[in-house]
Amino acid sequence: MSRVNFGAKPWMYPMPVLIVGTYDESGVPNAMNAAWGIITDTNEISISMGEHKTTENFAKTGAFTVSIATEDTVIPCDYVGIESASKVPDKFAKAGFHATKSEYVNAPLIDELPMALECKVKSFEDGILIGEIVNVNADESILTDGHIDPKKLKPIVYDPVNHSYIGLGEKVGNAFKDGMALK
């Protein structure tokens, strides 16, 4: 194997494409694309996001949703990442998104995105949002036998090296089981 060094880069695979939803002080929904996020505990998500209209919103409401971008929604999901709600106040509607208020937090569920984490803000320091996941919401259309089915969800990941979105591939193994062959 011959390796090439690229220096310090924010390259990690896979990087989920997360759409963070908030309401402003008037109840207007907003969404932003954030690729630098990860589950950091059994009921916690951390997202690196800097300062945005979204951060102003959740500072006031204490809540946000994190929807999973899908193959069917690449264009609107990319749009909410390249456009600022500070410049285009109707960015959410222009993306073609429709909101339903979460039952658990003061934040919008995006009707076009079939899976979302409903979260309360735990902290936001140095550009890192940490949220408590209080509920996971999924449309019945993406369930198989009562479980979220990745083939039906069709989540996308961000390729930071080539600046592209990639669909999830086929199942290649069983977590917490296949490694038992080496025990």
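Remember, it's a predicted structure, so these values are computed and weren't measured experimentally.

Right, let's get into the overall build of the chain. Summing up its helical and strand segments, the chain has four helices and 14 strands in all. Here the C-alpha atoms of the chain give a radius of gyration of 17 Å, agreeing with the 16 Å that 2.2 N^0.38 yields for 183 residues. Judged by the C-alpha coordinates and their principal axes, the chain covers about 55 × 45 × 30 Å. Across the 183 residues of the chain, 39% fall into the buried class. Looking at the chain alone, contacts between residues at least 24 apart form 57% of all its contacts between residues at least 6 apart. Accessible surface for the chain amounts to roughly 11000 Å². Of this, 54% is attributable to carbon and sulfur atoms. In the chain, which carries 16 positive and 25 negative side-chain charges, the distance between the mean positions of the two groups comes to 5 Å.

A few words now on the sheet that holds strand E1 (residues 15-16). The antiparallel open sheet is built from three strands, whose spatial order is E1-E13-E14. In this open sheet, the two strands that pair with only one neighbour each are E1 and strand E14 (164-167). Bridging between E1 and strand E13 (residues 156-159) involves two bridges; their strand directions are antiparallel. Directly across from Pro16, in E13, lies its bridge partner Val157.

Applying the stated criterion to the full structure yields five aromatic pairs. Pairing Phe58 with Phe64 gives two aromatic rings, centres 6.0 Å apart and planes at 50°, and the pair type is tilted. The buried category is assigned to Phe58, whose relative accessible area is 3%. Judged by centre distance (6.2 Å) and plane angle (55°), the ring pair of Tyr158 and Tyr165 falls under tilted. In this structure Tyr165 comes out as partly exposed when scored by relative accessible area, which is 28%.

What counts and how
Residues numbered from 1 in each chain as written. Predicted model: local features only at pLDDT ≥ 70, side-chain atom pairs only at ≥ 80, totals over all residues. Heavy atoms only, no water. Helix = DSSP H or I, 4+ residues; strand = E, 2+ residues; numbered from the N terminus. Rg over C-alpha atoms; globule rule 2.2 N^0.38 Å. Buried < 20%, exposed > 50% of the residue type's maximum accessible area, 1.4 Å probe, protein only. Contact = heavy atoms within 4.5 Å. Areas by Shrake-Rupley, 256 points an atom, 1.4 Å probe, with all protein chains shown as cover. Lys, Arg positive; Asp, Glu negative; His and termini not counted. Charge placed at Lys NZ, Arg CZ, Asp CG, Glu CD. Pairing = 2+ DSSP bridges. Phe/Tyr/Trp six-rings, centres within 6.5 Å; stacked < 30°, edge-to-face > 60°.

Without other data, these values stay purely geometric and don't point to any function.
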